[in-house]
Amino acid sequence: CAPYLASSILVIDAESHQIHTVRFDRTITNGNYTFITCYNNKRLYCAPWHESSVLVIDGETEETRKINTGVKGGMKWLGVAQFEAKLYFSPCWASAILVVNGETDEVSHLQY
């Protein structure tokens, strides 16, 4: 589950229904990430709310890393969806749609 106010990520095993948590490098305390989506059954991407980076979780190793968006401020992106090799993050107060290439982690912004 995307860690909105949490200092760890809630993991639910789909087969065993067991739960546990994974710590991540949390830099703020007031709304880290909102929605989450899976890319190619390998990685999970969390939409940055007050964070300035996308949180990426490796589905096999549970290691985390971040992709810098280049955008500061709060309430930026509220949701995320995958289409082909790209992840699209829907804006709340952000001035553009955030696009992340799931193969290269390249970041771009679509103005609307």
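Structure first, text after, so check above.
Residues numbered from 1 in each chain as written. Predicted model: local features only at pLDDT ≥ 70, side-chain atom pairs only at ≥ 80, totals over all residues. Heavy atoms only, no water.

**Details of the pairing of strand S1 (residues 8-12)**
Stage number 1. Here S1 pairs with strand S2 (residues 19-23) via five bridges, running antiparallel. Counted as the bridge partner of Ser8 is Arg23 from S2. (Pairing = 2+ DSSP bridges. Helix = DSSP H or I, 4+ residues; strand = E, 2+ residues; numbered from the N terminus.)

**Regarding the nonpolar core**
Stage number 1. One finds Tyr45, Val54, Ile67, Leu87, Phe89, Leu98 and Val100 to be the most contacted residues of the largest nonpolar core, which totals 13 residues.
Stage number 2. Excluding residues that lie within four positions of it along the chain, Val54 makes contacts with Tyr33, Tyr45, Cys46, Pro48, Arg65, Lys66, Ile67, Thr69, Phe89, Leu98 and Val100.
Stage number 3. Counting residues in each nonpolar core, the second largest holds seven residues, with Ile9, Val22, Cys46 and Leu55 among its members. (Core = buried A, V, L, I, M, F, W, Y, C linked by side-chain atoms within 4.5 Å. Buried < 20%, exposed > 50% of the residue type's maximum accessible area, 1.4 Å probe, protein only. Contact = heavy atoms within 4.5 Å.)

**Some words on the environment of Phe83**
Stage number 1. By secondary structure assignment, the location of Phe83 is in strand S7 (residues 77-83).
Stage number 2. Taking the C-alpha atoms as reference points, Phe83 and Tyr39, 44 residues apart in sequence, are found 9.4 Å from one another.

**Details of the side chain of Asn101**
Stage number 1. Counting through the fold element by element, Asn101 comes out in strand S9 (residues 96-101).
Stage number 2. With a relative accessible area of 17%, Asn101 lands in the buried category.
Stage number 3. Among residues more than four places away in sequence, those in contact with Asn101 are Ala85, Lys86 and Glu106.

**A closer look at unusual backbone geometry**
What you tend to see is this: most non-glycine residues have negative phi, and most peptide bonds are trans.
Stage number 1. Of note, Asn40 is a non-glycine position whose phi angle comes to about 50 degrees, a positive value.
Stage number 2. By the secondary structure assignment, Asn40 is in the loop between strand S3 (33-39) and strand S4 (43-48).
Stage number 3. On the basis of relative accessible area, Asn40 is assigned to the partly exposed category, the value being 40%.
Stage number 4. For Glu62, which is not a glycine, the phi torsion comes out positive at approximately 65 degrees.
Stage number 5. The topology assignment puts Glu62 in the loop between strand S5 (53-58) and strand S6 (64-68).

**Comments concerning the layout of surface pockets**
If a probe as big as a water molecule is rolled over the atoms, it shows which places are left empty.
Stage number 1. Space inside the largest pocket adds up to approximately 450 Å³.
Stage number 2. Looking at the lining of the largest pocket, the elements with two or more residues in it are S1, S2, S3, S4 and S5.
Stage number 3. Top element by residues in the lining of the largest pocket is S1. It accounts for four residues.
Stage number 4. Counted by class, the lining of the largest pocket contains eleven nonpolar, three polar and seven charged residues. (1 Å grid on protein atoms, 1.4 Å probe; cavity = no way out; pocket = protein on both sides within 12 Å on 5 of 7 lines; lining within 4 Å. Points joined across faces, edges and corners; volume = space filled by probe spheres on them. Nonpolar A, V, L, I, M, F, W, Y, C, P; charged D, E, K, R; others polar.)

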